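# Fold and geometry: a report
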Amino acid sequence: MTATDPAAPAATAVTPRDPRYEDLLDAYNHRFAARPREIRVAASAADVADALRDAVGAGARIAARSGGHCFEGFASAPGIEILLDLSALDGVAHDPGRRAFAVGAGARLGPVYRALHARWGVTLPAGTCFDVGMGGHVAAGGYGHLSRRDGLTVDHLYAVEAVVVDGAGEPRVVTATREPDDPHLDLWWAHTGGGGGNFGVVTRYWFRSPGEDSADPARLLPRAPGRVLRRTAVWPWEPMDEKALTRLLRNFAGWHEDNSAPGSPAAPLWSNFIVSHRSAGAVMLTSVIDEAAPGAANLLDEQYARLTGGVGVDPVVNDRAVLPWMSSWMPSYTWPPEPLGRYKNKAAYLRRGFTDRQLETVYRYLDGDGGNPFACLVLSGYGCRIAEAAPEATAVAHRAPVMKAMFCGGQWTSPDEDAERIAWIRAFYRDVFAHTGGVPVPDGVSDGSYIGYPDVDLADPEWNTSGVPWHELYYGGNYPRLQRVKERYDPLGVFRHGLSVRPPA
Ligand SMILES: Cc1cc2nc3c(=O)[nH]c(=O)nc-3n(C[C@H](O)[C@H](O)[C@H](O)COP(=O)(O)OP(=O)(O)OC[C@H]3O[C@@H](n4cnc5c(N)ncnc54)[C@H](O)[C@@H]3O)c2cc1C
């Protein structure tokens, strides 16, 4: 069934009295509680167009949701009257006409990986959480543990099908490709990192790597690893003092500063360092590399030697395992499921390791009161292949960082804890970036943030006193072009949220 098939079943409208309502409403971050008057479950681009027409005609606020994994309440905010659920648009198919893989916007990463792997042996350098939806993930840029080797997800985005709304309020389905002569090239570009909920509703993405147009689907995207070598190292918090923890963090950053240039032989090696709050009892490193990569075992061991040098606290776990990539490694990296989890996360790109003063702050917060066992700083490897693209080639301007940092306020379930948890993570982040107005201004160390990890505080003068506007932190010099796309494809401002692209002034 194609997205515009007239035989497609009509969209399902689910109202609050329907027993499906609460389930369909459920999303990752339970801090946000939209009560839309209707959830429209779309099964085609025509359904999406109908829902948009109804919403615009009634003057009702509408938001699209694919996987529901937004950090903020962009598709869950009070005031949203119609929620457009795209989860039924979850197909994964080879499209011989476009010589690309067509993936429905409502598909979750796990099933996409499995289908690409089982049927064609290929994969995408996309995110690590299997429940994240393609709709929001790809539009944000998409990044994961193969990105140092293969680039961002959007570096492989060939085309996007989106339903946009014109100045008369009439929806239309547009397919935009990266072909230089495509009249909708700018709309494709806006979906290479401009962020979800900005320009229209994506119903389908097509993927093939740059320079590939083979009739053989197995050549269109990067090959999936067969087995991976995985290092897991766990250090106990108990004997850890400031000197030991900051040495670990310096070592981790130093390795990434030295091994993240384009063409680095360490590109296939990806690491994630979860530096939990002391109440969790331990900090954990995971490093993974395709077993077939040249010198894989040596690279893993050399990295470990570099990381542990001078730390003085031995890990309680130091495990090197060989795992089948798809069945064992991939599903192992999903965030712990908590049916009522509430979160506040913040992020930053890093061009190099934190300064001594920043490391002192990191230690003070992670060792101090107020955190919970899920509160943490997560540092993930970036760079290598990502750095090969120019900042303006896609909407993701951040091509020079060597790490991504995520600041997590933890996980809690009671609304009564919101104020305390949010205050803690806000203070932690503000103090780490105190010298640049509380936010990661590009300054040689930090380099803005990732729109896939949105944080409305960056647009709040109480928390961003840097004088650098939120959109510069998220988009660098790409924002004016995004604004022009906004003006052209969403002239009525149908698609909006706390950090949405605004039309040019
Ligand atoms: C546990 C967890 C792990 C994560 N891991 C990674 C990771 O490894 N790598 C990474 O890069 N990111 C990661 N992310 C971030 C993730 O990519 C973003 O949160 C992404 O926006 C989620 O997409 P979604 O469709 O699931 O979310 P949704 O909440 O459905 O949507 C997010 C935003 O996109 C809009 N949107 C959704 N669908 C569409 C559509 N079809 N058309 C237009 N707009 C749409 C929504 O309106 C909203 O503004 C993670 C997030 C979580 C919560």
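Conventions used here
- Residues numbered from 1 in each chain as written.
- Predicted model: local features only at pLDDT ≥ 70, side-chain atom pairs only at ≥ 80, totals over all residues.
- Heavy atoms only, no water.
- Disulfide = S-S within 2.5 Å.
- Buried < 20%, exposed > 50% of the residue type's maximum accessible area, 1.4 Å probe, protein only.
- Phe/Tyr/Trp six-rings, centres within 6.5 Å; stacked < 30°, edge-to-face > 60°.
- Lys NZ or Arg CZ within 6 Å of the ring centre and 35° of its normal.
- Domains from an automatic or database assignment.
- Buried area = accessible area lost by both parts, 1.4 Å probe.
- Salt bridge = Lys/Arg side-chain N within 4 Å of Asp/Glu carboxyl O.
- Helix = DSSP H or I, 4+ residues; strand = E, 2+ residues; numbered from the N terminus.
- Polar contact = N/O pair within 3.5 Å; in protein donor to acceptor, adjacent residues only side chain to side chain.
- Pairing = 2+ DSSP bridges.
- Axes fitted to C-alpha atoms, helices over the stretch in contact; angles between N-to-C directions.
- Expected span 1.5 Å × (residues − 1).

The final tally for this structure, using the stated rule, is 0 disulfides. No disulfide involves cysteine 70; its nearest neighbouring cysteine sulfur is the one of cysteine 129, lying 13 Å away. Exposure remark for cysteine 70: the relative accessible area of 25% places this residue in the partly exposed category. Distance from the sulfur of cysteine 376, which forms no disulfide, to the nearest cysteine sulfur (cysteine 408) is 3.8 Å. On the accessibility criterion, cysteine 376 (2% relative accessible area) is buried.

Under the defined criterion, the tally for this structure stands at 24 aromatic pairs. Taken together, the aromatic side chains of Tyr28, Phe71, Tyr143, Tyr343, Tyr349, Tyr382, Tyr450 and Tyr453 make up a single cluster linked through ring pairs. Positioned above the aromatic ring of tryptophan 189, the side-chain terminus of arginine 481 is 4.1 Å from the ring centre.

For the rest of this paragraph, the subject is the domain arrangement of the protein chain. Domain annotation for the protein chain reports domain 1 (12-85), domain 2 (92-223 + 481-489) and domain 3 (227-477). A straight line from the C-alpha centre of domain 1 to that of domain 2 covers 22 Å. Buried surface at the junction of domain 1 and domain 2, both sides included, amounts to about 1,100 Å², of which 74% is carbon and sulfur. Remark: the boundary between domain 1 and domain 2 carries 1 salt bridge. Between arginine 53 and glutamate 170 there is a salt bridge; the shortest N-O distance is 2.9 Å.

With that out of the way, let us pick up the environment of glutamate 417. Summarising the element assignment, glutamate 417 is placed in the loop between β16 (403-409) and α11 (418-432). On the basis of relative accessibility, which here comes to 26%, the residue glutamate 417 falls in the partly exposed class. Taking C-alpha positions, glutamate 417 is 51 Å from glycine 211, a pair spaced 206 residues apart along the chain. Side-chain polar atoms of glutamate 417 contact the side chain of arginine 421, separated by 2.9 Å.

Within a beta sheet, neighbouring strands are joined by backbone hydrogen bonds and run either parallel or antiparallel to one another. Pairing is antiparallel in the open sheet, where 5 strands are placed in the order β5-β6-β9-β7-β8. Each edge of the open sheet is held by one strand with a lone partner, namely β5 (92-95) and β8 (171-177). Taken over all neighbouring pairs, the strand axes of this sheet differ in orientation by 20° on average, direction set aside. As paired elements, strand β6 (residues 100-104) and strand β9 (residues 201-207) share 4 bridges and run antiparallel to each other. Across the sheet, residue phenylalanine 101 finds its bridge partner in β9, namely phenylalanine 207.

This part covers α11. With 15 residues, α11 extends 21 Å between its outermost C-alpha atoms, agreeing within 8% with the 21 Å of an ideal straight helix rising 1.5 Å per residue. Listed as buried for α11 are Asp418, Arg421, Ile422, Trp424, Ile425, Ala427, Phe428, Tyr429, Asp431 and Val432.

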